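# Results of the structural survey
Here are the chains, one letter per residue:
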Amino acid sequence: MQLIQGTPDLSAYLVADEAIDHHHPLVRATAARLAAGVGDSYEYARAAFEFVRDAIPHSQDAGDPRVTWRASDVLEQGTGICYAKAHALAALLRAEDIPTALCYQNLGVVHGLVAVRFRGAWHRQDPRGNKPGVDARFSLDGERLAFMPDPSSNEMDYPVLYAAPHPAVLEALRAAVDRPHLWRTLPTSLPEQGAP
């Protein structure tokens, strides 16, 4: 699949916003701690990915009813669904000047991922968290995502790389009083629109 950069200006994929709040002190401190143990930006990206994937449980897997959506809240509360974990990873990567996009799959409901820019290309990564049957890994040499869409079930990859979270995703996260409520209101598709 050809990924489509939704915003031509690469600097848009380094911007902080309300969800990807990489100027927040907790995000900065976490990024500094992760950066201290690595030699280059590639190693940092892998460390940040593994931290979000492994140290922050997916709230559904953990049975945690809390809903987070800001990167700083995900880090503070130590929980989040795929979208929230993608926001946290994007913030940690952008904090170290690594262009990072948000991207999505339709797996019956919309699933959130990130894409990082290395070696002149975008590479999708899925920090949702591993469990039996799910083995996502950081890779620049072929995708190692948690899930692959099944076209026979009308599942698909969305090709657009967003600089900011899709409005349908943010609306669902912000409106949810808890994870069971969120599960009933998750977007089942992304409305067609210009990339933010």
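Everything below is about the structure printed above this text.
What this report covers is the structure whose coordinates are included nearby. By convention here, each chain's residues receive numbers from 1 onward along its written sequence. Reporting of local features is limited, given that this is a predicted model, to residues whose pLDDT is at least 70; pairs of side-chain atoms are given and counted only at 80 or more, and all residues count toward the totals for whole chains, interfaces and linings. Only heavy atoms go into the side-chain values, all of them from the structure, while hydrogens and water stay out.

## Some remarks on the environment of threonine 79
The secondary structure listing takes helices from DSSP runs of H or I that are at least 4 residues long and strands from runs of E that are at least 2 residues long, numbered from the N terminus. Residue placement: threonine 79 occurs in the loop between helix H4 (71-77) and helix H5 (82-95). Remark: the alpha-carbon pair of threonine 79 and proline 132, spanning 53 residues in sequence, is separated by 19 Å. What threonine 79 contacts, discounting residues up to four positions off in sequence, is Ile56, Pro57, Ser59, Asp64, Arg66, Thr68 and Val74. Here, two residues are considered to be in contact whenever any of their heavy atoms come within 4.5 Å of each other.

## Re helix H6 (residues 167-175)
Accessible area is worked out with a 1.4 Å probe on protein chains only. A residue is then buried under 20% of its type maximum, exposed over 50%, and partly exposed in between. Where H6 is concerned, the buried positions are Ala168, Val169, Leu170, Ala172 and Leu173. Residues of H6 that are buried make contact with H5, strand S2 (100-106) and helix H7 (179-185).

## Observations regarding the layout of surface pockets
The way it works is a 1 Å grid over only the protein atoms, where trapped points that fit a 1.4 Å probe form a cavity and open points with protein on both sides within 12 Å along at least five of seven lines form a pocket, and then any residue with an atom within 4 Å of a point lines it. Grid points are joined across faces, edges and corners, and a volume is the space filled by probe spheres set on the points. Considering only enclosed or pocket space, the largest pocket measures out at about 300 Å³ in volume. If you go around the largest pocket, you meet 16 residues; those closest to its centre are Cys82, Leu107, Val109, His111 and Phe147. Where the lining of the largest pocket is concerned, the elements lending two or more residues are H5 and strand S3 (110-118). Think of it as three bins: nonpolar holds Ala, Val, Leu, Ile, Met, Phe, Trp, Tyr, Cys and Pro, charged holds Asp, Glu, Lys and Arg, and polar takes everything else, Gly as well. Of the residues in the lining of the largest pocket, the class split is 10 nonpolar, 3 polar and 3 charged.

## Quick look at the packing of aromatic side chains
Aromatic pairs are defined between Phe, Tyr and Trp rings, using the six-membered ring for Trp, whenever the two ring centres lie within 6.5 Å; interplanar angles under 30 degrees are classed as stacked, those over 60 as edge-to-face, and all others as tilted. Throughout the structure, instances matching the rule amount to 6 aromatic pairs. When the ring of phenylalanine 49 is compared with that of phenylalanine 138, the centres are 5.8 Å apart and the planes differ by 55°; the resulting orientation is tilted. With phenylalanine 49 in helix H2 (residues 41-55) and phenylalanine 138 in the loop between strand S4 (121-125) and strand S5 (156-157), the pair connects residues that are 89 residues apart, well separated along the chain. For the pair phenylalanine 49 and phenylalanine 138, one class covers both residues: buried. Through a chain of ring-to-ring contacts, three or more aromatic side chains come together here, namely Tyr42, Phe49, Phe118 and Phe138.

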